[in-house]
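Residue-level structure breakdown
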Amino acid sequence: MCGRFVAATEPFRLARYFDAEEWPVEQEKAWVPNYNTAPTQQVLAIRESAGQRRIEYLRWGLVPAWAEDLRIGSRMINARAETVTEKRSFSKPFKTQRCLVPVDGFYEWQVSQETGRKQPHYLFRGDGEPLALAGLWEVWNGGTEGPIETCTILTCAPNQTLAPIHDRMPVVLGRSAWGRWLDNGEHDTGYLQTLLVPAANDLILHHPIDTAVNSASNNHAWLREPVNPDALTTGDNALF
DNA sequence: CCAGACGTTGTT
DNA sequence: GTCTGG
DNA sequence: CCAGACGTTGTT
DNA sequence: GTCTGG
């Protein structure tokens, strides 16, 4: 699945990469990289309206319009690609409210069959480019402070690279798919669902990382650096 | 008809 | 065990 | 995703 | 809001 990720690429670079409108300088200055993005946090997403792509903050964890409060968002951080058309909370967003969530990489926890321990891994593109994750967004008007826009990330079966680590992975969309995915006028859910397949096996690399990533309050660039998993089991981390 | 759920993951 | 918060 | 809380009353 | 279950 996808429950934690890195968002460290500056918005102006994302704007170029996704052919989206640039941010005002003042807003760009306030941006900070996030090496441990967790559910309920604000994440940058790309949406399109009237043919114009924009980069905007959405709260991660989709909150349906009928929700009494925001809490349900913590459990709606992912939407299964296989069933997205059938689920009440996701079917309308899938038809008309799609977005991309750009990430530098994401984290997955590999559970050891023998010990039950969880080893976190960092997964990222070998060429250093961002990954465009397929997302859906929704608006919640239940609060007193005006509408809150939220999002979720689609998941699919793992490719051969991820299978040893986890049984789900986020849906990654290639450049050629962005156009129809972001076009709100595209209502061919049959076609759209054909885009929701595991990424090519050679697209994503991975390595084990420090368990410091476990706590969402830790946010350092070094969280995504490789460690020796054998050293970790003895409590002797050679890198730190 | 009304009432109650609406989601994913992982674990068992 | 289960829910909430980050 | 993982970490951390999970409850009330009354007193300070 | 919309679907499922009773």
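About the cut-offs
Residues numbered from 1 in each chain as written. Chains lettered and ligands numbered in written order. Predicted model: local features only at pLDDT ≥ 70, side-chain atom pairs only at ≥ 80, totals over all residues. Heavy atoms only, no water. Pairing = 2+ DSSP bridges. Helix = DSSP H or I, 4+ residues; strand = E, 2+ residues; numbered from the N terminus. Axes fitted to C-alpha atoms, helices over the stretch in contact; angles between N-to-C directions. Buried < 20%, exposed > 50% of the residue type's maximum accessible area, 1.4 Å probe, protein only. Contact = heavy atoms within 4.5 Å.

Considering the sheet that holds strand S2 (residues 34-37)
Think of a sheet as strands paired side by side through backbone hydrogen bonds, with each pair either parallel or antiparallel. One open sheet accounts for five strands, arranged S2-S1-S7-S8-S12; its pairing is antiparallel. Single-partner strands in this sheet number two, and they are S2 and strand S12 (204-208). Sheet twist, expressed as the mean angle between neighbouring strand axes with direction ignored, is 25°. Where strand S1 (residues 5-7) meets strand S7 (residues 105-111), two bridges bridge the pair, whose relative direction is antiparallel. Residue pairing for S7: Phe5 is matched across the bridge by Phe106.

Examining the environment of Ala81
Relative to the helices and strands, Ala81 resides in the loop between strand S5 (78-80) and helix H3 (91-96). Judged by its relative accessible area of 4%, Ala81 falls in the buried class. Here the alpha-carbon distance between Ala81 and Ala157, two residues 76 residues apart in the chain, equals 8.9 Å. Beyond its immediate stretch of four places on either side in the chain, Ala81 contacts Leu154, Thr155, Cys156, Arg168, Val171, Gln193 and Leu196.

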